[in-house]
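Below are the chains, spelled out letter by letter.
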Amino acid sequence: MLYRYPKQQEKTAYETIEGNRRYDNYTGADLPPVPYIYSGQGSTAKQTAGSSGKVKAAVNTAAQPSAEDAAQAARQQKIDSINTLKSREKKYLGNSYNAQRLEAQSNNDDAMRSLYIAYMQGIKNMPQQTALWGAGGEIESLKTQHRLNYEDNRAKQIREYNGILSDIQQRYDRDLWELEQKYLKQLLNL
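Worth saying up front: this structure is predicted, and the values here are computed from it rather than measured.

> Can you help me understand helix α2 (residues 139-188) in this one?
Between its first and last C-alpha atoms α2 spans 73 Å; for 50 residues at 1.5 Å apiece the expected length is 74 Å, and the two agree. Of the positions making up α2, those classed as buried are Y150, Q157, Y161, L165, I168, Y172, L176, L179 and Y183.

Take a look at the structure:
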């Protein structure tokens, strides 16, 4: 038979041994675990603590896993596989969401740039246009009107961009919720 015993140790006044755990009575700090020695051959291992020789736990090392243990291991393997698939799909959803946000941001930046270019070209060409129209004194009021139109168009673009981001976020949240529900059903059916 194989017996596993802790090496005989001197127990000091400040140390307490419980099974395989030792700790300092004054500070409560953990000390290194009780070392083990092996003796004999066989299928039973026993652990003792301190010099008292009392048996704290007995473990059958050669026992075959029971059908219940095998079923539990198979169930855990299925759970792990489901969680792996779930994390992959979650990662794919996150990547898709980020790509959509980046595309929306890029489109918004392009639209804002186009609005600004049109605004600046309008300011630059305003003296020539007013000369053609014959309205020389109205240039300041035309510049103000042009600036207000630019700001209105810019505000519309910002609202549109925020609406697109909101739609993307709602789709992501809905898809993530559906994913969670799908895998929760699978886990409950185990």
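Having seen it, we continue.
> What am I meant to see in the side chain of Q157 here?
Tracing the sequence through the fold places Q157 in helix α2. Apart from residues lying up to four places away in sequence, Q157 is in contact with N108, A111, M112 and L115.

> Explain the packing of aromatic side chains here, please?
Geometrically, a pair of aromatic rings is defined through the distance of the ring centres and the angle of the planes. Applying the stated criterion across every chain, the model contains 4 aromatic pairs. Ring centres 6.4 Å apart and planes at 45° place the aromatic pair Y116 and Y119 in the tilted group. Residue Y116 and its partner Y119 are located together in helix α1 (residues 67-133), separated by 3 residues, close to a single helical turn. By relative accessible area, which is 42% here, Y116 ends up partly exposed. For Y119, a relative accessible area of 14% puts it in the buried group. Consider the rings of Y119 and Y150, whose centres lie 4.6 Å apart with planes at 20°: the pair is stacked.

> Would you mind going over the nonpolar core with me for this structure?
Proteins that are soluble and globular tend to have nonpolar side chains buried together. Listed in full, the 11 residues of the largest apolar core are I82, L93, Y97, A104, Y161, L165, I168, Y172, L176, L179 and Y183. The set of elements that each furnish at least two residues to this core consists of α1 and α2. Looking at which element gives the most residues to this core, the answer is α2, with 7 residues. Setting aside residues up to four positions removed in sequence, Y172 forms contacts with L93, G94 and Y97.

The rules we used
- Residues numbered from 1 in each chain as written.
- Predicted model: local features only at pLDDT ≥ 70, side-chain atom pairs only at ≥ 80, totals over all residues.
- Heavy atoms only, no water.
- Helix = DSSP H or I, 4+ residues; strand = E, 2+ residues; numbered from the N terminus.
- Expected span 1.5 Å × (residues − 1).
- Buried < 20%, exposed > 50% of the residue type's maximum accessible area, 1.4 Å probe, protein only.
- Contact = heavy atoms within 4.5 Å.
- Phe/Tyr/Trp six-rings, centres within 6.5 Å; stacked < 30°, edge-to-face > 60°.
- Core = buried A, V, L, I, M, F, W, Y, C linked by side-chain atoms within 4.5 Å.

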